[in-house]
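# Inside the fold
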Amino acid sequence: MSQLRAALVIAGTDLRRRLRNRSFLVQGVVGPIVLATIISLAFGGVHNDIEATIGLVDADGSPASAGFVEALVGADTGDLRFVEVDSPEEARRRVDRDLGAAVVVPEGFAASLRGERPLDVEVLSDPDAPISAEVARAVATGFADRAAAARLAALTAAEVGDRVPGDDVLAAIDLPLEVTTTGTGGDVSPAAYFGPSMGLLFLFLSMGNVARDLLAEKRVQLLDRLRAGPVRDGTLVAGRGLSVVAVGVTSLCVIWAVTTVALGAHWGPPLGVVAVILAASLAVAGIAGLVAAVARTDQSADVLASMIGFAFAMVGGAFIPLGSMPEGLQRLALLTPIGQALRALADLSAGSGEVGAVVPQIAALLAWAVVAGGAAAWALPRRVGAG
Amino acid sequence: MPDAATVTDRPETSVEPVLQCRGLRKAYGERVAVADVGFAVAPGETYGLLGPNGAGKTTTISMVCGLLRRDAGEVTVAGRPMSPEATDAKAAIGLVPQDVALYEDLSAEENLRFFGRLQGLSGRELAARVAEVLEVVGLADRAGDRVGEYSGGMKRRANIAAGLLHRPRLLVLDEPTVGVDPQSRNAILESVEALAGEGMSVLYTTHYMEEAERLCDRIGIIDEGRLIAEGTRRELVAQLGVGDQVEVTGTGDLAAFAAACAELPGALGAEARDGSVVVRVEQGSTALAPIVAAAERTGVAVGGVEVTEPDLEDVFLALTGKALRD
Ligand SMILES: Nc1ncnc2c1ncn2[C@@H]1O[C@H](COP(=O)(O)OP(=O)(O)OP(=O)(O)O)[C@@H](O)[C@H]1O
Ligand SMILES: [Mg+2]
């Protein structure tokens, strides 16, 4: 009997018991969806059409930035409107009032493309207008990405011939129009944000289950029975880990399906969404294993899980969309696995990123999984094991 | 150490024992749970570890099954050295823990299928074995019910079933009748007898003397982490040196009868009391006929005869100065 097969048998039974348990339905599906719906309504409805006005500031005055503003202002983007604003200061004043958010191409942007480090395209947002913030972010990222691509092409060309990329090359920066046009399809709905955010919150809150189960199995000597069989301690632990991953994937996929069908949410390209869901579930499994390795009682397991879960959720932007957070907090959010997962899903949803664009977030989630899971894989068999 | 070796190395077990352990030791901090335990279980033998609460039975079994890392000593199961990593040695063992080690939210059948799969069974063979063991413990008609809905006795029986699935060479039962009603207890003892009758080796721990006497071919008496005596029930009782007691009630010259009895071969002493004679003999069953003959010779009319053998309770009392519980 291979240990791999044993791990799969353990994971299968664990999963079956959990899915059969009513608490999975409550914690894994109904809870997140209900909460996501409520929060989405509070954040401006679950309807599909984006109604927003985004300000565009061309402080740079380069052909590239002018072209960018001109193209968007002139584009037919339905209820999503782009208006030109004269200065960053004016944009900042108006973001709270008639503008949902604003994108600022800073002075010297085009010139900076010739240097070592290009300037950032800035997004001004209002916490009360998360959709506008996401749209603005998507537009800004799209423009910056293309500027970076053009810069790279120009620099490569410069290696061969001219030393510096000329204005003509930079002016040819492709405009991120497709971002805005797909955006009008209702891409950045609150439900597409809060569905996964609540799903992740509940997954992290239920991390204590692993510890609870192991402690209960120890109490009634179920662990003794398992360990008296031809199954290694590491296999027992790996089986649990697999089952946590499977529960996470199941829960998030059901939420994905329900928010898509019932609330019209658009999570983005399926391949990317699945990759993020899988990576996030792996991270949950790793951290849950660590909680189980540390917790000595059911209570301590639950306390640890809720502390970690709520901390990650608060900081990671599960309650307030990342896009409408101040820059500093957004960076802080990316220190948490929930923040990484939500950043990736928001990008996929906004359509600014294909799967490739969320590779850094997926890598970060996998790093969580490997580091926490590795520590758990070392410590947990010793906890369940032979003392 | 040499003592343990002489106890374990029984010359008559020429076949390789299914379980062999020597010099087992386990301490939890200052407390020595098992100090020096060694014994062997021959193929087809039922071996009992008899001892009071806290004697070290579960700790010994945990080392035997590779659940616990031992501080010293050796364990071989079916010829393979046992350790927490030894999956091959573990495959030869079926453990029935002291608690009901089953998932209460799964049916008995689901539990058994799960544990059977982990033992490497699958497909038809698995289905057949699950059905068989359910039959053995008499739960076939309730197989689909959740274990949580079972009575205490049924849970115990399901618990035993889970240890039988892979036809282990050695079945290890840790106090399987604790807290069980008399009816279920009897059912459990009967199924253990049946399994032993089919040739399975059994290691059985208990603090009930009657269970050890009824089930076990040989018994090790364990107290405070040490095996203080070992042998068949008869050997253990013989160690006491007090012999069986035959009490003959009758009328006639009881003093002369008693004197005649004391002279019989195998007699350890005889005493006339009020209306009866009490004879202590090495073995009650063989002494009976000579005693009755002596009564005839001395003209005593026998009213009744009662043979009492000392039990393991007496042995334990004599060895430790304490009573076994119950
Ligand atoms: N994990 C542990 N930590 C500390 N001491 C322990 C541990 N397990 C057992 N002991 C101690 O070791 C001794 C032997 O315990 P063990 O459980 O082996 O006894 P037992 O013969 O099975 O008793 P019972 O009939 O009550 O089941 C006891 O004194 C017990 O307190
Ligand atoms: Mg015990």
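Every chain is numbered independently, its residues counted from 1 as its sequence is written. In the order they appear in the text, chains get letters beginning with A and ligands get numbers beginning with 1. Reporting of local features is limited, given that this is a predicted model, to residues whose pLDDT is at least 70; pairs of side-chain atoms are given and counted only at 80 or more, and all residues count toward the totals for whole chains, interfaces and linings. No hydrogens and no water enter the side-chain calculation; it runs on all heavy atoms of the structure.

## Side note on the overall build of chain B
Note the following rule: A run of H or I in DSSP counts as a helix once it spans at least four residues, and a run of E counts as a strand once it spans at least two, with each numbered from the N terminus. Only protein chains enter the area calculation, which uses a 1.4 Å probe; residues under 20% of their type maximum are buried, those over 50% are exposed, and those in between are partly exposed. Note on definitions: a residue-residue contact is assigned when non-hydrogen atoms from the two residues lie within 4.5 Å. Working definition of accessibility: Shrake-Rupley area with a 1.4 Å probe, residue cover restricted to the visible protein chains. Asp and Glu count as negative and Lys and Arg as positive, but His and the ends of the chain are not part of the count. A charge is said to be at NZ when it belongs to Lys, at CZ for Arg, at CG for Asp and at CD for Glu.
Along the backbone of chain B there are 12 helices and 14 strands. Expressed as a percentage of its 326 residues, the buried residues of chain B come to 53%. Partitioning the intrachain contacts of chain B with sequence separation of at least 6 by distance along the chain shows that 67% fall at a separation of at least 24. Total accessible area on chain B stands at roughly 13800 Å², and carbon and sulfur atoms take up 48% of it. The averaged location of the 50 negative side-chain charges in chain B is 7 Å from the averaged location of its 32 positive side-chain charges.

## Quick look at the packing of aromatic side chains
Inclusion rule: When two rings of Phe, Tyr or Trp (its six-membered ring) have centres within 6.5 Å they constitute a pair, described as stacked for plane angles under 30 degrees, edge-to-face for angles over 60, and tilted for the intermediate range. Whether a charge lies above a ring is judged from NZ of Lys or CZ of Arg, which has to be within 6 Å of the ring centre and within 35 degrees of the ring normal.
A full pass over the atoms with the stated rule returns eight aromatic pairs over all chains. Ring geometry for W256(A) versus W267(A): centroids 6.0 Å apart, planes at 25°, classification stacked. In this pair, W256(A) is assigned in helix α12 (residues 233-263) and W267(A) in the loop between α12 and α13 (270-294), connecting sequence segments 11 residues apart. By relative accessible area, which is 16% here, W256(A) ends up buried. Residue class for W267(A) comes out buried when judged on its relative accessible area of 3%. Taking 6.5 Å as the distance between ring centres and 10° as the angle between the ring planes, the aromatic pair formed by Y103(B) and F115(B) counts as stacked. One end of the pair, Y103(B), is in the loop between β6 (93-96) and α4 (108-118); the other, F115(B), is in helix α4, with 12 residues separating them in the sequence. Each of the two residues, Y103(B) as well as F115(B), counts as buried. Joined through ring pairs, the aromatic side chains of F204(A), F312(A) and W368(A) make up one cluster. Over the aromatic face of F115(B) sits the side chain of R225(A), whose NZ or CZ is 5.5 Å from the ring centroid. Its guanidinium or amino end placed over the ring of Y28(B), K26(B) lies 5.8 Å from that ring's centre, counting from NZ or CZ.

## Examining the domain arrangement of chain A
Residue and element names in this part refer to chain A. Rule in force here: Residue ranges assigned to the domains are those given by an automatic or database domain assignment. By definition here, a salt bridge exists when the distance from a side-chain nitrogen of Lys or Arg to a carboxyl oxygen of Asp or Glu is within 4 Å. Each polar contact in these results corresponds to two N or O atoms within 3.5 Å; when the atoms are within protein, one needs to be able to donate a hydrogen and the other to accept it, and residues that are neighboring in sequence are counted only if both atoms are side-chain atoms.
You can read the domains of chain A as domain 1 (3-46 + 186-383) and domain 2 (52-171). On a C-alpha basis, the centres of domain 1 and domain 2 stand 35 Å from each other. Each side of the interface is counted separately: domain 1 has 12 residues, and domain 2 has 10 residues. Where domain 1 touches domain 2, the interface holds zero salt bridges. Our count for the contact surface shared by domain 1 and domain 2 stands at zero residue pairs in polar contact (both at pLDDT 80 or more).

## So, the site of ligand 1
All names here are of chain B. Operational definition: Whether a residue is near a molecule or strand depends on its heavy atoms: if one lies within 4 Å, it is near.
Near ligand 1, the surroundings consist of 13 residues, among which G54, K57, T58, T59 and E175 are the closest. In this structure, an oxygen atom belonging to ligand 1 sits 2.8 Å away from a main-chain N or O atom of G54. One nitrogen or oxygen atom from the side chain of Q98 is found 3.4 Å from an oxygen atom belonging to ligand 1. Taking 640 Å² as the accessible area of ligand 1 by itself, protein coverage stands at 65%. Going through the elements one at a time, β2 (31-41) and α2 (57-64) are the ones with two or more residues in the shell around ligand 1. In terms of residues, the shell around ligand 1 owes the most to one element, α2, which gives three residues.

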